[in-house]
Amino acid sequence: MKKVIALFVFGSLFLAGCPKHEIIPAPTPKVELESHFIGIVNGTQIELTQNVDGYYLDATKVKYILPSPTPSKANYFADMKSSQNLVSIKVGLGSATFDGSPSGGDPSLSVFNSFFTSNTTPTYASMADSGFEVVYRDGSGAVWTSDPAQTVQDVVFTNIVQESDGSGDYSKFTCTFNCNVYRPSVDGSGNPIVLSLPIQNAVLKGWFKR
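Remember, it's a predicted structure, so these values are computed and weren't measured experimentally.

S.K.: Could you clarify how one ought to interpret the overall build of the chain in this entry?
M.R.: The helix and strand inventory of the chain stands at two helices and ten strands. When burial is assessed residue by residue, the chain has 33% of its 210 residues classed as buried. Long-range contacts, defined as pairs at least 24 residues apart, comprise 62% of the intrachain contacts of the chain with a sequence gap of at least 6. When the accessible area of the chain is evaluated, it comes to approximately 12,200 Å², of which 57% is carbon and sulfur surface.

As C-alpha coordinates, this is what we get:
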(Lines give C-alpha, C1' and ligand atoms only; values in the text may rest on other atoms or scores of the structure.)
Protein backbone atom coordinates (compact mmCIF):
# COMPACT_ATOMS: atom_id res chain seq x y z
CA MET A 1 0.00 0.00 0.00
CA LYS A 2 2.83 2.35 0.86
CA LYS A 3 4.46 1.65 -2.53
CA VAL A 4 1.24 2.54 -4.36
CA ILE A 5 0.94 5.84 -2.45
CA ALA A 6 4.60 6.68 -3.09
CA LEU A 7 4.23 6.04 -6.80
CA PHE A 8 1.10 8.20 -6.91
CA VAL A 9 2.86 11.07 -5.13
CA PHE A 10 5.92 10.79 -7.37
CA GLY A 11 3.77 10.79 -10.52
CA SER A 12 1.84 13.83 -9.32
CA LEU A 13 5.06 15.71 -8.62
CA PHE A 14 6.46 14.79 -12.04
CA LEU A 15 3.35 16.06 -13.83
CA ALA A 16 3.29 19.23 -11.75
CA GLY A 17 6.92 19.88 -12.62
CA CYS A 18 6.40 19.67 -16.42
CA PRO A 19 6.65 23.18 -17.91
CA LYS A 20 3.68 24.47 -19.87
CA HIS A 21 4.50 25.34 -23.46
CA GLU A 22 3.85 29.03 -24.06
CA ILE A 23 2.35 29.88 -27.45
CA ILE A 24 4.21 32.89 -28.84
CA PRO A 25 2.29 34.74 -31.58
CA ALA A 26 4.04 35.46 -34.86
CA PRO A 27 5.64 38.91 -34.93
CA THR A 28 3.46 41.63 -36.40
CA PRO A 29 5.06 43.15 -39.52
CA LYS A 30 6.07 46.77 -39.09
CA VAL A 31 7.04 49.06 -41.96
CA GLU A 32 10.25 50.97 -41.32
CA LEU A 33 9.59 54.60 -42.27
CA GLU A 34 12.54 56.98 -42.58
CA SER A 35 12.46 60.57 -43.85
CA HIS A 36 15.17 63.07 -44.73
CA PHE A 37 15.52 66.17 -46.89
CA ILE A 38 18.58 67.96 -48.20
CA GLY A 39 18.75 70.74 -50.77
CA ILE A 40 20.02 74.21 -51.59
CA VAL A 41 17.36 76.87 -51.06
CA ASN A 42 18.24 80.34 -52.29
CA GLY A 43 21.94 79.48 -52.11
CA THR A 44 21.88 77.98 -48.60
CA GLN A 45 21.99 74.25 -47.91
CA ILE A 46 19.12 73.02 -45.77
CA GLU A 47 18.99 69.58 -44.18
CA LEU A 48 15.97 68.21 -42.30
CA THR A 49 16.25 64.83 -40.60
CA GLN A 50 13.57 62.73 -38.95
CA ASN A 51 13.70 62.90 -35.12
CA VAL A 52 16.21 65.77 -35.18
CA ASP A 53 14.97 69.20 -33.97
CA GLY A 54 11.42 67.85 -33.91
CA TYR A 55 11.28 66.93 -37.61
CA TYR A 56 8.92 64.25 -38.87
CA LEU A 57 7.09 63.41 -42.08
CA ASP A 58 3.36 64.05 -42.22
CA ALA A 59 1.76 62.00 -45.03
CA THR A 60 -1.69 63.23 -46.04
CA LYS A 61 -4.06 63.13 -49.01
CA VAL A 62 -6.88 65.18 -50.50
CA LYS A 63 -9.76 63.27 -52.09
CA TYR A 64 -12.27 64.57 -54.60
CA ILE A 65 -15.27 62.23 -54.52
CA LEU A 66 -17.49 62.45 -57.59
CA PRO A 67 -20.65 60.49 -58.45
CA SER A 68 -20.14 57.40 -60.62
CA PRO A 69 -19.40 56.92 -63.48
CA THR A 70 -17.18 60.02 -63.15
CA PRO A 71 -13.88 58.89 -61.57
CA SER A 72 -12.98 60.24 -58.15
CA LYS A 73 -9.36 61.21 -57.50
CA ALA A 74 -6.81 61.48 -54.72
CA ASN A 75 -3.76 63.73 -54.42
CA TYR A 76 -0.99 62.64 -52.03
CA PHE A 77 1.35 64.83 -49.96
CA ALA A 78 4.49 64.26 -47.90
CA ASP A 79 5.34 67.17 -45.60
CA MET A 80 8.73 67.25 -43.84
CA LYS A 81 8.03 69.56 -40.91
CA SER A 82 8.86 70.18 -37.27
CA SER A 83 7.11 70.83 -34.00
CA GLN A 84 10.00 73.15 -33.07
CA ASN A 85 10.94 74.99 -36.29
CA LEU A 86 9.04 76.84 -39.00
CA VAL A 87 11.12 75.64 -41.95
CA SER A 88 9.39 72.83 -43.85
CA ILE A 89 9.26 71.25 -47.29
CA LYS A 90 6.25 69.49 -48.77
CA VAL A 91 5.85 67.63 -52.05
CA GLY A 92 2.60 66.46 -53.58
CA LEU A 93 1.67 64.10 -56.39
CA GLY A 94 -1.72 63.50 -58.00
CA SER A 95 -4.10 62.37 -59.18
CA ALA A 96 -4.88 58.70 -58.60
CA THR A 97 -8.32 58.00 -60.08
CA PHE A 98 -10.77 55.47 -58.65
CA ASP A 99 -14.46 54.70 -58.18
CA GLY A 100 -15.40 56.72 -55.12
CA SER A 101 -19.07 55.72 -54.96
CA PRO A 102 -20.97 54.75 -52.97
CA SER A 103 -18.72 54.68 -49.89
CA GLY A 104 -16.31 57.48 -50.80
CA GLY A 105 -13.41 55.27 -49.77
CA ASP A 106 -9.79 55.16 -50.86
CA PRO A 107 -8.21 53.86 -54.06
CA SER A 108 -7.54 50.14 -53.98
CA LEU A 109 -4.04 48.96 -53.14
CA SER A 110 -3.42 48.00 -56.77
CA VAL A 111 -4.48 51.47 -57.97
CA PHE A 112 -2.33 53.07 -55.27
CA ASN A 113 0.71 51.04 -56.31
CA SER A 114 0.39 51.44 -60.06
CA PHE A 115 -0.21 55.19 -59.76
CA PHE A 116 3.18 55.87 -58.19
CA THR A 117 5.18 53.41 -60.29
CA SER A 118 3.75 54.95 -63.48
CA ASN A 119 4.32 58.60 -62.48
CA THR A 120 8.06 58.79 -61.89
CA THR A 121 8.67 61.98 -63.94
CA PRO A 122 5.52 64.10 -63.49
CA THR A 123 5.02 67.67 -64.68
CA TYR A 124 4.32 70.47 -62.22
CA ALA A 125 0.72 71.24 -61.30
CA SER A 126 -1.24 73.46 -58.94
CA MET A 127 -2.28 71.72 -55.71
CA ALA A 128 -0.59 68.57 -57.13
CA ASP A 129 -3.73 68.09 -59.22
CA SER A 130 -2.62 65.66 -61.96
CA GLY A 131 1.01 66.52 -61.34
CA PHE A 132 3.74 67.49 -58.90
CA GLU A 133 3.93 70.41 -56.45
CA VAL A 134 6.52 71.77 -54.02
CA VAL A 135 5.60 73.95 -51.02
CA TYR A 136 8.41 75.51 -48.97
CA ARG A 137 7.95 77.39 -45.69
CA ASP A 138 10.86 79.60 -44.67
CA GLY A 139 12.14 80.54 -41.22
CA SER A 140 9.77 83.49 -40.95
CA GLY A 141 6.73 81.37 -41.78
CA ALA A 142 6.28 82.66 -45.34
CA VAL A 143 4.97 80.02 -47.75
CA TRP A 144 6.47 79.58 -51.24
CA THR A 145 4.84 77.38 -53.89
CA SER A 146 5.97 75.98 -57.23
CA ASP A 147 4.26 77.21 -60.40
CA PRO A 148 2.98 74.90 -63.18
CA ALA A 149 4.01 77.53 -65.76
CA GLN A 150 7.67 77.59 -64.79
CA THR A 151 10.15 76.48 -67.43
CA VAL A 152 12.07 74.17 -65.08
CA GLN A 153 10.22 70.83 -64.90
CA ASP A 154 12.87 68.71 -63.21
CA VAL A 155 11.54 66.02 -60.87
CA VAL A 156 12.19 62.27 -60.63
CA PHE A 157 10.80 59.64 -58.24
CA THR A 158 13.03 56.61 -57.63
CA ASN A 159 13.34 53.73 -55.15
CA ILE A 160 9.56 53.31 -55.08
CA VAL A 161 8.63 50.48 -52.71
CA GLN A 162 5.15 49.59 -51.48
CA GLU A 163 4.87 48.12 -47.97
CA SER A 164 1.98 47.52 -45.58
CA ASP A 165 1.47 46.86 -41.89
CA GLY A 166 -1.28 47.17 -39.33
CA SER A 167 -1.20 50.97 -39.49
CA GLY A 168 -1.70 51.26 -43.26
CA ASP A 169 -0.32 50.98 -46.79
CA TYR A 170 2.70 53.05 -47.79
CA SER A 171 4.55 53.98 -50.96
CA LYS A 172 8.14 54.76 -49.96
CA PHE A 173 10.18 56.89 -52.37
CA THR A 174 13.17 59.10 -53.05
CA CYS A 175 12.26 62.32 -54.85
CA THR A 176 14.90 64.55 -56.50
CA PHE A 177 13.95 67.91 -57.95
CA ASN A 178 15.04 71.39 -59.01
CA CYS A 179 12.54 74.21 -59.25
CA ASN A 180 11.64 77.77 -58.33
CA VAL A 181 9.03 78.55 -55.68
CA TYR A 182 7.03 81.76 -55.51
CA ARG A 183 4.95 83.92 -53.20
CA PRO A 184 3.00 87.15 -53.71
CA SER A 185 4.27 90.37 -52.12
CA VAL A 186 4.29 94.14 -52.66
CA ASP A 187 7.08 96.53 -53.56
CA GLY A 188 8.02 99.75 -51.74
CA SER A 189 5.16 101.57 -53.46
CA GLY A 190 2.58 99.02 -52.50
CA ASN A 191 2.36 97.47 -55.96
CA PRO A 192 1.81 93.71 -56.11
CA ILE A 193 4.84 91.67 -57.13
CA VAL A 194 5.84 88.02 -57.10
CA LEU A 195 9.00 86.93 -55.32
CA SER A 196 10.84 83.73 -56.18
CA LEU A 197 13.40 81.39 -54.61
CA PRO A 198 15.41 78.66 -56.37
CA ILE A 199 15.52 75.17 -54.90
CA GLN A 200 18.42 73.15 -56.29
CA ASN A 201 19.73 69.60 -55.90
CA ALA A 202 16.84 68.75 -53.59
CA VAL A 203 16.39 65.18 -52.38
CA LEU A 204 13.47 64.10 -50.21
CA LYS A 205 13.29 60.55 -48.87
CA GLY A 206 9.83 59.79 -47.55
CA TRP A 207 6.52 58.10 -48.25
CA PHE A 208 2.91 58.55 -49.24
CA LYS A 209 0.11 56.79 -47.34
CA ARG A 210 -2.96 55.24 -48.99
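Still more ground to cover, so stick around.
S.K.: Which parts of the structure should I look at to understand the pairing of strand β7 (residues 143-146)?
M.R.: On a regular strand, each side chain points to the face opposite its neighbour's, so the side chains alternate between the two faces of the sheet. Of the two faces of β7, only the one carrying Trp 144 and Ser 146 is buried; Val 143 and Thr 145 on the other face are not. Bridge count between strand β6 (residues 132-137) and β7: three bridges; the pairing is antiparallel. The residue of β7 that forms the bridge with Val 135 is Thr 145. Between β6 and β7, which pair antiparallel and follow one another directly, the connecting turn spans five residues, one of which, Gly 141, has a positive phi of 95°.

S.K.: What is the right way to look at unusual backbone geometry in this model?
M.R.: Trans is the prevailing form of peptide bonds, just as negative phi is the prevailing case for residues other than glycine. The omega angle of the peptide bond from Ser 68 to Pro 69 is 15°, so this bond is cis rather than trans. The topology assignment puts Pro 69 in the loop between β3 (55-64) and β4 (72-82). In this chain, Gly 94 is followed by Ser 95 through a cis amide linkage whose omega measures 5°. Locating Ser 95 in the fold gives a position in strand β5 (residues 88-98). With a phi angle near 55°, Ala 128 is a residue other than glycine that sits in the positive phi range. Locating Ala 128 in the fold gives a position in the loop between α2 (109-117) and β6.

S.K.: Explain the state of the cysteines here, please?
M.R.: Cysteine pairs can be linked by a disulfide, which is a covalent bond between their two sulfur atoms. Summed over the entire model, instances satisfying the criterion amount to zero disulfides. For Cys 175, which is in no disulfide, the shortest distance to another cysteine sulfur is to Cys 179 and amounts to 9.4 Å. Exposure remark for Cys 179: the relative accessible area of 3% places this residue in the buried category.

S.K.: Would you explain the pattern of salt bridges in this entry?
M.R.: Any two side chains of opposite charge can pair if their charged atoms end up close together. In the structure shown here, the tally under the stated rule is seven salt bridges. Taking the shortest distance from any N to any O, the salt bridge between Asp 106 and Lys 63 comes out at 3.1 Å. Residue Asp 106 is found in the loop between β5 and α2, and its partner Lys 63 is found in strand β3; the two are separated by 43 residues along the sequence. One salt bridge in this structure joins Glu 163 and Lys 172, with 3.5 Å as the shortest N-O distance. The exposure class assigned to Glu 163 is partly exposed, which follows from its relative accessible area of 28%.

S.K.: Is there a simple way to explain the environment of Gly 166 in this structure?
M.R.: Position of Gly 166 among the secondary structure elements: in the loop between β8 (154-165) and β9 (168-186). A relative accessible area of 79% places Gly 166 in the exposed class. It is 7.9 Å that separates the C-alpha atoms of Gly 166 and Thr 28, two residues lying 138 residues apart in sequence.

S.K.: Quick question: what am I supposed to make of the packing of aromatic side chains here?
M.R.: Aromatic ring pairs are described here by two measures, namely the spacing of the ring centres and the angle between the planes. Applying the stated criterion across every chain, the model contains 13 aromatic pairs. Ring centres 5.3 Å apart and planes at 65° place the aromatic pair Tyr 76 and Phe 116 in the edge-to-face group. Of this pair, Tyr 76 sits in strand β4 while Phe 116 sits in helix α2, and the two are 40 residues apart along the sequence. Grouping residues by exposure puts Tyr 76 and Phe 116 together as buried. Look at Tyr 124 and Phe 132: their rings are 5.2 Å apart centre to centre, the planes differ by 80°, and that puts the pair in the edge-to-face class.

Calculation criteria
Residues numbered from 1 in each chain as written. Predicted model: local features only at pLDDT ≥ 70, side-chain atom pairs only at ≥ 80, totals over all residues. Heavy atoms only, no water. Helix = DSSP H or I, 4+ residues; strand = E, 2+ residues; numbered from the N terminus. Buried < 20%, exposed > 50% of the residue type's maximum accessible area, 1.4 Å probe, protein only. Contact = heavy atoms within 4.5 Å. Areas by Shrake-Rupley, 256 points an atom, 1.4 Å probe, with all protein chains shown as cover. Pairing = 2+ DSSP bridges. Disulfide = S-S within 2.5 Å. Salt bridge = Lys/Arg side-chain N within 4 Å of Asp/Glu carboxyl O. Phe/Tyr/Trp six-rings, centres within 6.5 Å; stacked < 30°, edge-to-face > 60°.

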